[in-house]
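A structural walkthrough
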Amino acid sequence: MVSKQTTIINATGLHARPASVFVSEAKKFESNVTIKNVDKDSAPVNAKSIMMILAAGLGTGTKIEIACDGADEQAALDALIALVDSGFGE
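Residues numbered from 1 in each chain as written. Predicted model: local features only at pLDDT ≥ 70, side-chain atom pairs only at ≥ 80, totals over all residues. Heavy atoms only, no water.

Under an unreviewed UniProt entry, the name given to the chain is Phosphocarrier protein HPr, and the source organism is Lancefieldella parvula. If you open the UniProt record of the chain and go to Subcellular location (unreviewed entry), you find "Cytoplasm". (UniProt positions renumbered as here; feature names shortened; annotations may be inferred.)

Written out as structure tokens, the structure is:
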């Protein structure tokens, strides 16, 4: 298992469009992927479920931890961290 923390920088947080982009990217990988709100120390949620991500309420400035576990875990983590750090192209 690999994990890394980052901060959501896009102006609207993980609302519907960026959450959909995040889930689509996560589903490209075989590994299990979770996302956790570090600021609230909440339980990790399934990052391949748009409903779980939207329910987590991850807004701008929220520190998150993405964890990946599986055969392609490092590639999944690198891709998802890059996506968040890019601000989802917004």
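So that's the structure; there's more coming.
1. Structural notes on the side chain of Thr 62
With respect to the helices, strands and loops of the structure, Thr 62 is situated in the loop between helix H2 (50–56) and strand S4 (63–69). Residue Thr 62 is classed as buried on the basis of its relative accessible area of 9%. In contact with Thr 62, not counting residues within four places along its chain, are Thr 6, Thr 7, Ile 8, Asn 37 and Asp 39. (Helix = DSSP H or I, 4+ residues; strand = E, 2+ residues; numbered from the N terminus. Buried < 20%, exposed > 50% of the residue type's maximum accessible area, 1.4 Å probe, protein only. Contact = heavy atoms within 4.5 Å.)

2. So, a nonpolar patch on the surface
A grouping of Ile 50, Met 51 and Leu 54 is seen on the molecular surface, where their side chains present a nonpolar patch of about 270 Å² in accessible area. Looking at where Met 51 falls in the secondary structure, it is placed in helix H2. Judged by relative accessible area, Met 51 falls into the exposed class, the value being 61%. (Patch = residues over 30% accessible without salt bridge, like charges linked within 9 Å, V, L, I, M, F, W, Y side chains within 5 Å. Areas by Shrake-Rupley, 256 points an atom, 1.4 Å probe, with all protein chains shown as cover. Salt bridge = Lys/Arg side-chain N within 4 Å of Asp/Glu carboxyl O.)

3. Section: the pattern of salt bridges
With the rule as written, the count across this model stands at 2 salt bridges. Close ionic contact of Glu 25 with Lys 28 constitutes a salt bridge, the shortest N to O distance being 3.0 Å. The residue Asp 41 makes a salt bridge to Lys 36 at a minimum N-O spacing of 3.2 Å. Looking at Asp 41, the relative accessible area reads 58%, which means it is exposed.

4. A few points about helix H1 (residues 16–26)
Listing the buried residues of H1 in full gives Pro 18, Ala 19, Phe 22, Val 23, Glu 25 and Ala 26. For H1, the buried positions fall inside an angular range of 160° around the axis, keeping them on one side. (Arc of directions from axis to C-beta.)

5. Some words on the nonpolar core
Counting 24 residues, the largest nonpolar core has Phe 22, Ile 35, Ile 53, Ile 66 and Cys 68 as its most contacted members. If you list the elements that add at least two residues to this core, you get H1, strand S2 (32–37), S4 and helix H3 (73–85). For this core, the element with the most residues is H3, which contributes 6 residues. (Core = buried A, V, L, I, M, F, W, Y, C linked by side-chain atoms within 4.5 Å.)

6. Considering the UniProt feature "domain: HPr" (unreviewed entry) in the chain
Summarizing the sequence annotation, UniProt attributes the feature "domain: HPr" (unreviewed entry) to residues 1–90 in the numbering used throughout. Helix makes up 34% of residues 1–90 and strand 23%, whereas the separation of the span's terminal C-alpha atoms amounts to 30 Å.

7. Things to note about the packing of H1 against H3
At a closest axis distance of 10 Å, the pairing of H1 and H3 adopts a crossing angle of 165°. Taken together, the axes of H1 and H3 are roughly antiparallel relative to one another. For the pair H1 and H3, the sense of crossing is right-handed. Along its contact with H1, which presents Val 21, Phe 22, Glu 25 and Ala 26, the element H3 presents Ala 79, Leu 80, Leu 83 and Val 84. Considering only residue class, the contact of H1 with H3 consists of 7 nonpolar, no polar and 1 charged. (Axes fitted to C-alpha atoms, helices over the stretch in contact; angles between N-to-C directions. Parallel < 35°, antiparallel > 145°, perpendicular 65-115°, else oblique. Left-handed = near helix turned anticlockwise from the far one by under 90°. Nonpolar A, V, L, I, M, F, W, Y, C, P; charged D, E, K, R; others polar.)

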